[in-house]
Amino acid sequence: MDFKRSLTNVGTIFQKELRSYFNSAVAYVVIVVFLAIVGWFHSNALFLANTASLRLMFELVPIVFMFIIPAVTMRLLSEEKKSGTIELLTTKPLIDVEIVLGKFLAAWALVGVSLLLTLVYYFTIAALGDIDSGPVFGGYFGLMLMAGIYVAMGLFASSLTDNQVIAFIVGFVLVFLFFMLDKVLLYVPEGLTSIVEFLSVDYHFSNIARGVVDSRDVLYFLSLLGFTLYLSVLSLERRKW
Amino acid sequence: MAITVRNLTKYYGQEKAIDDISFDVKTGEILGFLGPNGAGKTTTMKIITCYMPPSKGTVDVDGHTIADHSLEVRRKIGYLPELNPLYLDMNVVEYLEYAARLHGIDKATLKRQLASMIEVCGLKEVRHKDIGELSKGYKQRVGLAQAMIHDPEVLILDEPTSGLDPNQIVEIRNLIRQLGRAKTVILSTHILSEVQATCDRVIIVNDGAIVADGTPEELQQKFRGSESIAIELRAQVANPMAEIFPKLKALSSVESVEYGGGENGCHRFSLFAAKGSDIREEIFRQAVQERWVLLELTRKVTSLEEVFHKLTKL
Ligand SMILES: Nc1ncnc2c1ncn2[C@@H]1O[C@H](COP(=O)(O)OP(=O)(O)OP(=O)(O)O)[C@@H](O)[C@H]1O
Ligand SMILES: [Mg+2]
């Protein structure tokens, strides 16, 4: 396989999808939602202790992700299936992995950039007084990884159907499941708790957000990401079955 | 760029969509794929363009098989899918650039090809409009331009003129002929006159199998049944069935006669003669002899349409 060509193909699809987010104003909505929610939160929390406000913030953003990300990803593949453009795309000299990666990266970039824009608030706080930047960057790093997983899940949901509403709901349910895993530990049989906990996104996120980046947590994110993207590729190849 | 299709069979679940289809397309040939709804035209095209693999069989495009060199095959093909799907939120230039990039065209070639496609397909006035705002005919042109943006050696067009008004049909047909001169083209259609107007060769498919293969003229020749001649004549007779009919029937090469009705002393008949015989002269002499006034005499040649009906009715 020609790596450089693959890179170009992924880049082409990435660009097209990103442009389509901006053309359709989805991008602006996402950016504004992040800035507004995080900003509103800050205006309330500014007078609270920094550490507390940080913890709250890192609990809030995952919930915002849960709604925003499936909405961002829902049309990525389902719209192509509905309109038939998937046939154009898949008969171009591309491999399915390139299609999935290009689309994944576009949605991740949009969510990621919107998230990073909210760092502005932290810089204002940092300018106002003392702030421990370690947990901030750890937290943001964790949120980025989390966004990546959720985007991959949303993309997978979008690959299953030609209906955007169904893609949204399936995406939301997937994200919700992984979000909830470590919150239902009490109800999980004794022997399974450690497994369920290990599968939970939030568990690894809170590890990273504490500022200690453990290779096990990063490995978790990367393998779950790879696995979910692989499922999308398989699902895209279903036409060949 | 020759295409070789061998023993293609495709099942959708249990249902067999095409059954053991084999044919060749020579370089530079425009092949018309003709058949009623559900015949398997689209299915065959989807396989050739590597959208999905066949259940059995192979396709070879210039030495590359779809199974082993799918990317190579796709690089050589320009494809206009059925119903011409498009990204409605992109503008024409954006879209054509996107298609070109996916084909891995370098910048300089892209610029040249883009300009040439906009010129050839008449997209100049609409090139900065969103595709969603274009009329059907313009969308069709964009679809064609997209299929040809990388100057492919093979063009596969699934019903390229469907849903267009008659003027646009003629325009798109000319475009295909013009662009198809240097390319190998397969186009599918329901319209028989389209095949006659554009194609060097026709394959008629029915129910997943090829039922005829040849030039339009060959098919007309081959499937010409008995010659049929329609006449209308004026004769003052009380009962045409008794007084005219037997005399026509008695002509030497006439096999059968049908009375087609008549009024005010004018009577219409259809005469069927043995294959290859010309009975027009005989009819004329008979008419003179009987003092009938011959108002009309038309020889009906089997049209491609009739060939089509004959071959595809179940
Ligand atoms: N995705 C599919 N799933 C199941 N059956 C299908 C599918 N696509 C086509 N078929 C069936 O395969 C057969 C051939 O269909 P195909 O679309 O190739 O016909 P066609 O010749 O292109 O017809 P048309 O002129 O209507 O476009 C039909 O019986 C159709 O019902
Ligand atoms: Mg069809």
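Residues numbered from 1 in each chain as written. Chains lettered and ligands numbered in written order. Predicted model: local features only at pLDDT ≥ 70, side-chain atom pairs only at ≥ 80, totals over all residues. Heavy atoms only, no water.

Details of the overall build of chain B
If you tally the helices and strands in chain B, you get 12 helices and 14 strands. Relative to a compact globule of 314 residues, whose C-alpha radius of gyration would be 20 Å, chain B shows 26 Å and is clearly more extended. Considering only C-alpha atoms, chain B reaches an extent of 80 × 45 × 35 Å along its principal axes. Evaluated residue by residue, chain B yields a buried proportion of 51% over its 314 residues. Nonlocal contacts in chain B, meaning residues at least 24 apart in sequence, comprise 67% of its contacts between residues at least 6 apart. By element, 48% of the accessible surface of chain B is carried by carbon and sulfur atoms, the whole surface being about 14,500 Å². (Helix = DSSP H or I, 4+ residues; strand = E, 2+ residues; numbered from the N terminus. Rg over C-alpha atoms; globule rule 2.2 N^0.38 Å. Buried < 20%, exposed > 50% of the residue type's maximum accessible area, 1.4 Å probe, protein only. Contact = heavy atoms within 4.5 Å. Areas by Shrake-Rupley, 256 points an atom, 1.4 Å probe, with all protein chains shown as cover.)

Some thoughts on a nonpolar patch on the surface
A surface patch of nonpolar side chains, amounting to about 350 Å² of accessible area, comprises V165, I169, V173 and L177 of chain A. By the secondary structure assignment, L177 of chain A is in helix α9 (residues 164-180). (Patch = residues over 30% accessible without salt bridge, like charges linked within 9 Å, V, L, I, M, F, W, Y side chains within 5 Å. Salt bridge = Lys/Arg side-chain N within 4 Å of Asp/Glu carboxyl O.)

Some points on the interface of chain B and chain A
Each partner contributes residues to the interface: chain B has 25 residues there, and chain A has 25 residues. Where chain B abuts chain A, roughly 2,500 Å² becomes buried across the two surfaces, and 57% of that area is made up of carbon and sulfur atoms. The largest contributions to the chain B side of the interface with chain A come from Y51, Y87 and L102 of chain B, which together make up 28% of the buried area. At the surface where chain B touches chain A, the tally comes to 1 salt bridge. Among the ionic pairs, E94 of chain B bridges to R19 of chain A, the shortest N-O distance being 3.2 Å. Summed over the shared surface of chain B and chain A, the number is 7 residue pairs in polar contact (both at pLDDT 80 or more). Of all the secondary-structure elements, those providing two or more residues to the side of chain B that touches chain A are α2 (70-76) and α3 (92-102) of chain B. It is α3 of chain B that contributes the most residues to the side of chain B that touches chain A, 6 residues altogether. Residue composition of the side of chain B that touches chain A, by class: 15 nonpolar, 4 polar and 6 charged. (Buried area = accessible area lost by both parts, 1.4 Å probe. Polar contact = N/O pair within 3.5 Å; in protein donor to acceptor, adjacent residues only side chain to side chain. Nonpolar A, V, L, I, M, F, W, Y, C, P; charged D, E, K, R; others polar.)

Quick look at the domain arrangement of chain B
For chain B, the domain assignment lists domain 1 (3-222) and domain 2 (227-301). When each unit is reduced to the centre of its C-alpha atoms, the spacing between domain 1 of chain B and domain 2 of chain B is 47 Å. (Domains from an automatic or database assignment.)

Looking at the pairing of strand β3 (residues 30-34) of chain B
All names here are of chain B. Counting buried positions over the 5 residues of β3 gives 5, a clear majority of the element. Bridging between β3 and strand β8 (residues 184-189) involves 5 bridges; their strand directions are parallel. Residue pairing for β8: G32 is matched across the bridge by L187. Sheet analysis places β3 next to strand β9 (residues 201-206), joined by 4 bridges and oriented parallel. In the strand pairing of β9, G32 is matched with V202. (Pairing = 2+ DSSP bridges.)

Section: the pairing of strand β1 (residues 3-12) of chain B
All names here are of chain B. Sheet topology note: the β1/strand β4 (residues 56-61) ladder contains 5 bridges and is antiparallel. Note that in β4 the partner of R6 across the bridge is T58. With 7 bridges joining them, β1 and strand β2 (residues 15-25) adopt antiparallel strand pairing. Its bridge partner being in β2, Y11 is matched across the sheet by K16. In this antiparallel pair of consecutive strands, β1 and β2, the connection spans 2 residues, and G13 shows a positive phi of 65°.

A short note on the packing of helix α4 (residues 75-83) of chain A against helix α6 (residues 96-117) of chain A
Residues and elements named next belong to chain A. Running from N to C, α4 and α6 point in directions that differ by 130°, and their axes come no closer than 10 Å. Comparing the axis directions of α4 and α6 gives the class oblique. Contacts between α4 and α6 involve L76, L77 and E80 from the first element and I99, K103 and A107 from the second. The class makeup of the residues in the contact of α4 with α6 is 4 nonpolar, no polar and 2 charged. (Axes fitted to C-alpha atoms, helices over the stretch in contact; angles between N-to-C directions. Parallel < 35°, antiparallel > 145°, perpendicular 65-115°, else oblique.)

Quick word on the environment of F65 of chain A
Residue and element names in this part refer to chain A. As for its position among the elements, F65 is in helix α3 (residues 50-73). Residue class for F65 comes out buried when judged on its relative accessible area of 0%. Here the alpha-carbon distance between F65 and F176, two residues 111 residues apart in the chain, equals 10.0 Å.

Quick word on the side chain of Q146 of chain B
Looking at the element boundaries, Q146 of chain B is found in helix α5 (residues 136-148). Among the polar contacts listed, one links the side chain of Q146 of chain B to the backbone oxygen of Y79 of chain B, at a separation of 3.4 Å. If we ignore the near neighbours within four places in the chain, the residues touching Q146 of chain B are L88 and K92 of chain A together with Y79, Y95, L96 and A99 of chain B.

Looking at the sheet that holds β2 of chain B
Residues and elements named next belong to chain B. Strand order across the open sheet formed by 4 strands is β2-β1-β4-β5, with antiparallel pairing between neighbours. What marks the edges here is a single partner per strand, and that holds for β2 and β5 (64-65). Along the sheet, helix α1 (residues 41-48) makes contact with β1, β2 and β4, crossing β2 at roughly 65°.

Description of the coordination of the magnesium ion (ligand 2)
Residues and elements named next belong to chain B. The protein atoms donating to the magnesium ion (ligand 2) are T42 (OG1) and E82 (OE), with metal-donor distances spanning 1.9 to 2.2 Å. Residue T42 is found in helix α1, and its partner E82 is found in the loop between β6 (77-80) and α3; the two are separated by 40 residues along the sequence. Using a relative accessible area of 32% as the deciding quantity, one classes E82 as partly exposed. (Donors = N, O, S within 2.8 Å, 3.2 Å for Na, K, Ca; no water.)

Structural notes on the confidence of the model for chain B
One rule of thumb: low pLDDT means the predicted coordinates there are not for detailed reading. Residues and elements named next belong to chain B. Looking at chain B, the pLDDT average stands at 88 and 96% of residues meet or exceed 70. Least confident of the elements in chain B is helix α12 (residues 304-312), whose mean pLDDT is 72; most confident is α3, at 96. Across the interfaces of the predicted complex, the ipTM metric reaches 0.89, alongside a pTM of 0.86. (pLDDT = per-residue confidence, 0-100.)

Description of the pattern of salt bridges
For the structure shown, the criterion picks out 22 salt bridges over all chains. The salt bridge involving D213 of chain B is made with R201 of chain B; its shortest N-O contact spans 2.9 Å. Residue D213 of chain B is located in strand β10 (residues 209-214), and its partner R201 of chain B is located in strand β9; the two are separated by 12 residues in the primary sequence. A salt bridge links E232 of chain B to R268 of chain B; the nearest nitrogen and oxygen atoms lie 4.0 Å apart. Separated by 36 residues along the polypeptide, E232 of chain B in strand β11 (residues 227-234) and R268 of chain B in strand β13 (residues 266-273) bring together distant segments of the chain. E232 of chain B gets classed as buried once you look at its relative accessible area, which sits at 17%. Through salt bridges with shared partners, one network takes in K16, E17, R75, E79, E80 and K103 of chain A.

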